[in-house]
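# Chain and residue survey
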Amino acid sequence: MALSSAWCAVLRLWLLWGAACSRAASRDDNAFPFDFEGSSAVGRQDPPETSHPLVAPGRLPPAAETCGAGFFLAQSGECLPCDCNGNSNECLNGSGLCVHCQRNTTGEHCEKCLDGYIGDAIRGPPRFCQPCPCPLPYLANFAESCYRKNGAVRCICKENYAGPNCERCAPGYYGNPLLVGNTCKKCDCSGNSDPNLIFEDCDEITGQCRNCLRNTTGFKCERCAPGYYGDARIAKNCAVCNCGGGPCDSVTGKCLEKSFEPPTGTDCPTISCDKCIWDLTDDLRLAALSIEESKSGVLSVSSGAAAHRHVNEMNSTIYLLKTKLSERENQYILRKIQINNAENTMKSLLSDLDALAERESQASRKSQLAEKESMDTINHATQLVEQAHDMRDTIQEINNKMLYYGEQQDLSSEEISEKLVLAQKMLEEIRSRQPFFTQRELVDEEADEAHELLSQAESWQRLYNDTRSLFPVVLEQLEDYNAKLSDLQESLHQALDHIRDAEDMNRATAARQRDHEKQHNKVREHMDGVNASLRTSSDSLVMPRLTLVELDEIIKIQVSMMFDGQSAVEVHPKARIDDLRTFTSLSLYVKPPVKQPELAGIADQFILYLGSKNAKKEYMGLAIKNDNLVYVYNLGAKDAEIPLDSKPVSSWPAYFSIVKIERVGKHGKVFLTVPSLSSTAEEKFIKKGEFAGDDSLLDLDPEDTVFYVGGVPSNFKLPASLNLPGFLGCLELATLNNDVISLYNFKHIYNMDTSKSVPCARDKLAFTQSRAASYFFDGSSYAVVRDITRRGKFGQVTRFDIEVRTPADNGLVLLMVNGSMFFSLEMRNGYLHVFYDFGFSNGPVHLEDTLKKAQINDAKYHEISIIYHNDKKMILVVNRRHVKSMDNEKMKIPFTDIYIGGAPPEILQSRTLRAHLPLDINFRGCMKGFQFQKKDFNLLEQTETLGVGYGCPEDSLISRRAYFNGQSFIASTQKISFFDGFEGGFNFQTLQPNGLLFYYASGSDMFSISLDNGTVTMNVKGIKVQSADKQYNDGLSHFIITSVSPARYELIVDKSRLGSKNPTKGKAEHTQIDEKKFYFGGSPISPQYANFTGCISNAYFTRLDRDVEVEDFQRYSEKVHTSLYECPIENSPLLLLHKKGKNSSKPKTSQNRKVKVDAVPSARMLLAAQILAVPILADHVLEAAQGGPRVLVEGGLQVGGGRLSLAGSPLHDDHHTFAVDASSTPTILRRNQCFVSFRKNVEVSLLEITLSLISHVATFFFSFARSQFSIRLKTRSSHGMIFYVSDQEENDFMTLFLAHGRLVFMFNVGHKKLKIRSQEKYNDGLWHDVIFIREKSSGRLVIEKSSGRLVIDGLRVLEESLPPTRAAWKIKGPMYLGGVAPGRAVKNVQINSVYSFSGCLSNLQLNGASITSASQTFSVTPCFEGPMETGTYFSTEGGYAVLDESFNIGLKFEIAFEVRPRSSSGTLVHGHSVNGEYLNVHMKNGQVIVKVNNGIRDFSTSVTPKQSLCDGRWHRITVIRDSNVVQLDVDSEVNHVVGPLNPTPVDHREPVFVGGVPESLLTPHLAPSRPFTGCIRHFVIDGRPVSFSKAALVSGAVSINSCPAA
């Protein structure tokens, strides 16, 4: 009630805000959203205006002492105006700093708002500062400060508050800040809350404490719980009452009388009851109210579309919540990465700044020193120059005096000569003086050095100035980064808040979901009491139940549950029940209950039960008995119990241990692994046992199987051996037959609230396998290393290293992508392949390593190194010794990120990669030691790593099954006595009636198990034991047990027991036990038996050297053409048939009539599919034996840039169908088809319905008031036309198309358009069933109401309608599928969606009738399921590729290519000139023929290969021509022909056709040939690779660069 009133108050406040905001917005569009009119009344008021006159700016008059208001006295004596942004009229003299700021402003110039206020203080009213809206501006402001960022207000909340606007209390506080007068107060739980939490845990609104510990209860955990006494607040010593289960005083512990009255105000009646009874009473009362509410809700359910829509809305809400949560988590990760990058950048800038500062100081010191030295040198040089000038002046003076004296004294010439000689001597003496020359040299040196120092000083000064000029830039960048860092931190806080909100919403949604499920269960339990109106609504409840089951299937939460002895969980087994019959392995984590001190050991307890609902036989379970863990299983009449008595449960540590129970046939084991707290050591215990009866199978029915953990419901009766009290402690499921299972993937829970029950914390103890420095990839996980160059740089030698361990055949190891450039290291069929394209002009490069010794899928570690040398050579190194290399065009590696073990679907399904890398299977197995440039990377520390686990669990690498293709077998050598005391068994599945399952021979003695016309035969030394007449080649799983004893040979198939007496009984016979080979699936030494085709799994033997365990085929020494990872027969292609809806037309069975297969096929139909050797193309024609009905299977098509036009009469072409006799074993007559073995890849054309049109469909069906179309589609494209039909002018139309990945259904009614658009995206590469309906309803008047409905996968129902109108709606066709003719649909559909659809379409129906033929097709190819590989596929519809002009052929050429045909005849290559000369390469009934005409006459050669081209393998064909000589090579066989010599040959350079040729180009000498059907790859002409994606023309159904794997 308080909560509702609070929300009412909040609503009124929000309305008030809205009104205020609208008024504020009307005044000023730039005001922030929470501005209020008139807020100045709250802020500081402007002072009243004074009457003092103002003094104008300028110097004061002499008599003036102060300036007027709004001015200040400057140091110059002038009065200058105050710069206070209009928020003050006073400022300090001298400095001009503002004082007494008004309007809630502050700062030196009143330019900032006070703390707790926000606004634009500089521009003045009405942009004054007002209180922060955190959450309410005036009524409830709980912010220390706030600011505006990108138009929104950011609040910095006080300690007690949180949220973007401080609208809620911080953790550890409670209250409702949105209520006026309400504040956040600290939680008070009396110190009895969880000590691991930082804050005390209480309700964020009411303050009531959650999860009171130490046996306390109450609003504040202030008193002891019922049944306990003591001081809950101070001493915290609540102890159990010693009153024999009766009540006691909660403080003193004094026992109360049994007639004790409970406190008033409780619902408990005045009887003797404890807390459990009181809680039960409340629960019963609430359950009764819930039942009544559910009953009334169910009774009001409408059986129409409203109920569907309501359920769909609930499902959509759940999906959107999950999507939003995922988006928030991604945003959080992105923000965290950005913050880390900003921090790294900041650190780098700071270090650069320090370095610049150091350089500046050094430069300054050197500059000062240089300047000082320069000045000294200049002064010295100046002195020297002055001395030189003085000397010159002195000499000049002497000379002048000499002349003067000569003239004045009239000296004679002799005297003058004497004096000159004397002067000359003096001068020479002066010149000869050494100090003069030394001083001159010193002067010159000093001058040079002075110039150098001066130039150096000038350079240092320039560097100094440049450094000083960088300071503002660096400081500005630092400020920007600081601002960005603060923004990122704030964004991170907001993201965390959003995540918390989303988590709260998710928890609330989960609680509502559980409540819905509980109500649903209770309604079902009280179904007998509901009246007839409930039964009429039951159909509408089917959809919610299905939705809940589908939601349950996706839960994989590996978290424990706490069991209290009364609770129980029913779990979805997840694994196939059939797979549990022979071999069952279940592992779980167990944390035992706390040992009671008064008991000698742990009390007997039930742990789990898996078996039949009647619990009388066929079950297995786990329990604690007599302080021992006991494994119980029952295969028939009695129990087998295996107690693990070597480790009593009471001695287990108080943390999780691993328990594993296993059964192989009748042999059982129980394992216990206990980790150590102090070391990496582990304690391991094992106990074995055996079932005493004759049965060996756990024969469970999926509909009659239950899986209970921790306890059972009250209405379930456990068998006597397991009928024990429920478990006390914690359990966590791990695996069931190596499949991950979870307790949270439950069907039902009993006496447990998972929203309140806190799981046990998983102790941080690592087991041995998880300590290993390795990583486990489960086939859907991958690791991403971003910016790999941060740890190393690409150089002349770039190296990647990794170690892998896997049993799988295919998987992606490494991938790098950059636009259209890529690098991929893949494993295909166990061999390594490297594909890469760094922008090469000749396209991608393929490096493969298919030598037998290079196969790596043997479940052992293999070291792989990729070395890129000098930007032009790729080197592959395996195990440090096996080397393959490939040269390429010189290009640097253009990548920074690397994907390991796989990649996200959006990367793998991109058009760039799909064109060259059709393999999209993530790696399954173990990896370790990933290095780049010898630098290690921890893959789990990468933020985008998904689903990768530590360790390498051995169970995940065991190969328990093997698939044999009719030419394969596996062999091993072990110590087994097959003729004396032998027992063994295995599962098998097949569709073939004959084949060798097992074989062993020792001299003339033989032991074999085989299929003979569908029956199982065991042959022991010539004595045959054969099963009954039942046929076992039905594609289902069957189990064989064989035993050989001195008295009897016995064969058990499923549960049918057959036997024969041992003829050697009583004879003294000793069989020598030695090691000889035995075989599964076939044998090279047994020609009397055909090899087996199918699957063998879960094999076991009684061995002499080890215990009974399931055979690991990976350890076998010899494996020939065998797949140990997948068993494709388990997913038979015909089981993928689309189930027929209620409105589907029912085929009539009559003789020789073609009927459509819509349901699960019969055994004979599966047999026919196996004999036809799937994949079967649509052009296979098979004739059945005479008599009996026929079954027609027609195909679905892939549209990739093409379209189908559906109009006119149907095209009945028998070569597009195949028929088999459904009543007897057919006699197959093959016509031009390849007989290949069963493959994993399945062409969907076998499975789905060919898109077509019945004649009169356009005028007949559209005349009905209701047009219902259904179609299946699969695509990864975001746009494309799926279906379009209109009249000639396109005024009336109906269409279904993709826009941004969403389905859009649209049609018109007059001038109005009805448009239905899905919320979810469906371009996920999966099959989706779509129904789109247009219907009109008419009343008594002519006016009609039109409505549309879009149903997707039977779960999403969208419906819209238009008002009634009199407009007519006339459609005459044609109908377009996958695209439209040029110019059409643009009038009604957005241009992006008018383009052709890229993907798969099939099973088109109109009003329940299949549309079975097409009038025209354009570039439509079959659609395939399964792995793809590089190659170009030519479909049965016919087509060809014309190479571009650079690949013409003439008189001399060499053509080489590889083919894998699906038909034995067809044109491979054709070239034709205008004068009649030609070259033609084709197949005819398996023979390869080359025909040539060189202008003289025709000549030809041919090769009939010994190994059939139709064996599903690649074959290499080479054609070499040199004038009149033509040579043909097919694999290793060669033939040639020498034709007549043309004396005047002309090199015409003919264009090349591949895969087919138009009949108009064929000469009379060339009979019309069928187009080639199959795959072509590695096409090379004269040494130059051919890329079909760059072909000049591609015509017909040709799939470029994508070919189904064999």
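In this report, the structure presented in the accompanying data block is examined. Starting from 1, residues in each chain are numbered consecutively following that chain's sequence as written. Since the coordinates come from a predicted model, pLDDT governs what is reported: local features require at least 70, and pairs of side-chain atoms require 80 or more to be given and counted, while whole-chain, interface and lining totals use all residues. Note that the side-chain values use all heavy atoms of the structure and ignore hydrogens as well as water.

Summary of the burial criterion: residues with accessible area below 20% of their type's maximum are buried, those above 50% are exposed, and those between are partly exposed, where the area comes from a 1.4 Å probe applied to protein chains only. Under the DSSP-based scheme used, a helix requires at least four consecutive residues in state H or I and a strand at least two consecutive residues in state E, with every element numbered from the N terminus. Among the nine residues of strand E22 (residues 583-591), eight are classified as buried, and the element is accordingly described as predominantly covered. At least two DSSP bridges between two strands are needed for those strands to be called paired. The pairing of E22 with strand E27 (residues 657-664) spans eight bridges and is classified as antiparallel. Residue pairing in the sheet places serine 585 in a bridge with glutamate 662 of E27.

Reading across the sheet, the seven strands line up as E26-E25-E24-E23-E30-E21-E33 and stay open at both edges, with antiparallel pairing between neighbours. For this open sheet the edge positions go to strand E26 (639-644) and strand E33 (746-750), each flanked by a neighbour on one side alone. Here the average twist between neighbouring strands, direction ignored, is 20°. In this sheet, E33 lies alongside strand E21 (residues 568-571) in antiparallel orientation, the contact comprising four bridges. Directly across from valine 569, in E33, lies its bridge partner isoleucine 749. To obtain an axis, a line is fitted to C-alpha atoms, over the contacting stretch when the element is a helix, and the angle between two such axes runs from 0 to 180 degrees between their N-to-C directions.

This brings us to the state of the cysteines. The definition used for a disulfide is geometric: two cysteine sulfur atoms within 2.5 Å. Using the criterion set out here, one finds 16 disulfides in the structure. Two residues share a disulfide in this structure: cysteine 84 and cysteine 98, whose sulfurs sit 1.9 Å from each other. Taking the torsion about the S-S bond as the criterion, the cysteine 84 to cysteine 98 disulfide, at about -105°, is left-handed. With cysteine 84 in the loop between strand E3 (78-81) and strand E4 (90-91) and cysteine 98 in strand E5 (residues 98-99), the pair connects residues that are 14 residues apart, well separated along the chain. With respect to burial, cysteine 84 and cysteine 98 carry one shared label: buried.

Turning next to the packing of aromatic side chains. Each Phe, Tyr or Trp ring, with Trp reduced to its six-membered ring, pairs with another whose centre is within 6.5 Å; inter-plane angles below 30 degrees give stacked pairs, above 60 give edge-to-face pairs, and intermediate values give tilted ones. This structure, assessed with the given rule, holds 40 aromatic pairs. Judged by centre distance (6.4 Å) and plane angle (45°), the rings of phenylalanine 823 and tyrosine 836 are tilted. Within this pair, whereas phenylalanine 823 is found in strand E38 (residues 821-828), its partner tyrosine 836 is found in strand E39 (residues 831-837), the two being separated by 13 residues in sequence. You'll find phenylalanine 823 and tyrosine 836 in the same group, each marked buried. Taken together, Phe986, Phe998, Phe1007, Phe1078, Phe1080, Phe1101, Phe1113 and Tyr1116 form an aromatic cluster joined through their ring pairs. Charges are assigned to positions over rings by a cutoff of 6 Å between ring centre and Lys NZ or Arg CZ, combined with an angular limit of 35 degrees from the ring normal. In this arrangement the basic side chain of lysine 660 is found over the ring face of phenylalanine 671, its NZ or CZ atom lying 5.7 Å from the centre.

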